[in-house]
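One-letter residues, chain by chain:
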Amino acid sequence: MTGVRNKEQVFKIRGLGLSDEVLALAELERDPVFHKIAPDKYGYYLSRSLDMGREAADRLKGRDIRELLDQAGVKFNLAAAAGTGAFKVALRAQLDWSGEVPKITVYRESMHQLQMAAEAAEGALGPVTFDRIVDIHLAHEYYHLLEYRSGQFTNELLEPVECLKIGPFRRTATILQSSEIAAHAFCKGLLGLPYLPSLLDNIYLMQTGHMKMEQFTENVKKWKMILGENGLHML
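Structural notes, computed from the coordinates. (Residues numbered from 1 in each chain as written. Predicted model: local features only at pLDDT ≥ 70, side-chain atom pairs only at ≥ 80, totals over all residues. Heavy atoms only, no water.)

## Some thoughts on the packing of aromatic side chains
Rules: Paired rings are identified among Phe, Tyr and Trp, the last through its six-membered ring, by centres lying within 6.5 Å, and are further divided according to the angle between planes into stacked (under 30 degrees), edge-to-face (over 60) and tilted (the rest). The criterion is that NZ of a Lys, or CZ of an Arg, lies within 6 Å of the ring centre and within 35 degrees of the ring normal, and then a charge sits over that ring.
All chains considered together, the criterion is met by five aromatic pairs. Looking at lysine 41, its charged tip hangs above the ring of tyrosine 44, at a distance of 4.4 Å from the centre.

In structure tokens, the structure reads:
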């Protein structure tokens with residue numbers, strides 16, 4: 001259960017000076033081959049990913065996400081709940097384009113969890129109605145649909161990193177999280193959010209006790225330091 005103390009802690013988020021770059025670096029760190037990225041390339045992956053999402057949002061500025069889905073021929077439905085995924089965060093939504101008609105499934109229980117988490121932030125994330133939380137997830141999945149229909153995902157458009165080298169043999173991998181960063185930037189731009197929506201999951205983890213506010217604060221300091229050390233504070 002969420003107590004008053006958790007609510008007060010989460011409220012302090014607005015004073016952390018969270019930028020898109022800071023939250024994007026948090027996402028980049030989750031990539032399976034992050035440790036293979038040279039620090040002087042962080043800026044490349046962050047700025048390119050954020051820009052791709054922002055540019056896609058700019059082209060659709062003022063459009064309603066549910067109308068966009070309808071025009072794209074995508075079905076949307078609410079389901080009761082889904083299993084828990086990584087970082088103890090329940091599966092929120094998923095896009096299935098394998099059928100004749102693409103379908104986005106959003107999980108009602110998870111949306112209610114995030115709504116309560118956003119309310120604990122005392123307005124730091126803007127309006128927190130249930131429909132607003134659903135729209136955030138629809139917009140995120142819509143960006144992935146745009147990637148799919150274009151024939152190239154964001155990570156495929158960026159330089160791969162060398163993850164293995166044995167003699168003349170080289171193996172490379174793309175940065176999968178760049179696609180997620182772009183989707184977050186798209187969602188923020190399309191819906192006019194104050195932060196990248198990935199912040200919601202962090203708030204949820206703090207609200208439910210899976211992460212302490214102090215830990216998140218220290219992480220933010222670390223991400224800012226990394227950005228500053230690599231000259232990325234003014235991306």
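There's more to say after this.
## Quick look at the packing of helix α2 (residues 20–28) against helix α10 (residues 213–229)
For the record, the criterion: Lines fitted to the C-alpha atoms define the axes, with helices restricted to the stretch that makes contact. Angles between their N-to-C directions range from 0 to 180 degrees. Helix numbering and strand numbering both begin at the N terminus, where a helix is a DSSP run of H or I of at least 4 residues and a strand a DSSP run of E of at least 2. Every angle not falling under 35 degrees, over 145, or within 65 to 115 is termed oblique; those three ranges are roughly parallel, roughly antiparallel and roughly perpendicular. Contacts between residues were defined by any pair of non-hydrogen atoms, one from each residue, lying within 4.5 Å. Each residue receives one of three labels: charged for Asp, Glu, Lys and Arg, nonpolar for Ala, Val, Leu, Ile, Met, Phe, Trp, Tyr, Cys and Pro, and polar for the others, Gly being one of them.
With their axes 9 Å apart at the nearest point, α2 and α10 run at an angle of 105° to one another. The angle between α2 and α10 falls in the class roughly perpendicular. Seen from α2, the contacting residues are Glu21, Val22, Leu25 and Ala26; seen from α10, they are Val220, Trp223, Lys224, Ile226 and Leu227. Split by residue class, the contact of α2 with α10 holds seven nonpolar, no polar and two charged.

## Observations regarding the nonpolar core
Here is the rule we go by: As used here, the term nonpolar core means buried Ala, Val, Leu, Ile, Met, Phe, Trp, Tyr and Cys residues forming a set that is joined through side-chain atoms within 4.5 Å. Classification of residues uses two cut-offs on accessible area relative to the type maximum, computed with a 1.4 Å probe and protein chains only: under 20% is buried, over 50% is exposed, and between them is partly exposed.
Counting residues in hydrophobic clusters, the biggest one holds 75 residues, and the most contacted among them are Leu18, Leu28, Tyr142, Phe186, Leu199 and Phe216. For this core, the element with the most residues is helix α6 (residues 130–150), which contributes nine residues. What phenylalanine 216 contacts, discounting residues up to four positions off in sequence, is Leu16, Leu18, Leu199, Asn202, Met206, Met211 and Trp223.

## Brief notes about the pairing of strand β2 (residues 93–96)
So the rule is basically this: DSSP calls a pair of strands paired once it identifies at least 2 bridges connecting them.
Side-chain alternation along β2 places Ala93 and Leu95 on a buried face and Gln94 and Asp96 on a face that remains uncovered. Across four bridges, the pairing between β2 and strand β3 (residues 103–107) is antiparallel. Along β3, the bridge assignment pairs glutamine 94 with threonine 105. Taking the residues that link successive antiparallel strands as the turn, the β2-β3 hairpin has six residues.

## Here we look at the sheet that holds β2
Ordered in space as β1-β3-β2, the three strands form an open sheet in which the pairing is mixed. In this open sheet, the two strands that pair with only one neighbour each are β1 (75–79) and β2. When strand polarity is set aside, the average angle formed by the axes of neighbouring strands in this sheet is 20°. Those strands touched by helix α5 (residues 108–120) are β1 and β3, and its axis lies near 55° from that of β3. Set on the sheet, α6 makes contact with β1, β2 and β3; between it and β2 the angle comes to about 35°.

## Some remarks on α10
Spelled out, the test is: By this rule the span expected of a helix is its residue count minus one, scaled by 1.5 Å. Taken from the helix axis, the directions to the C-beta atoms give the arc we talk about.
A rise of 1.5 Å per residue sets the reference length of α10, with its 17 residues, at 24 Å; its end C-alpha atoms lie 24 Å apart and thus fit the reference within 8%. Taken together, the buried positions of α10 are Met213, Phe216, Asn219, Val220, Trp223, Ile226 and Leu227. In a view along the axis of α10, the buried residues occupy a sector of 140°, so they form one face of it. When the buried face of α10 is taken as reference, the exposed residues oriented beyond 90 degrees from it are Lys221 and Glu229.

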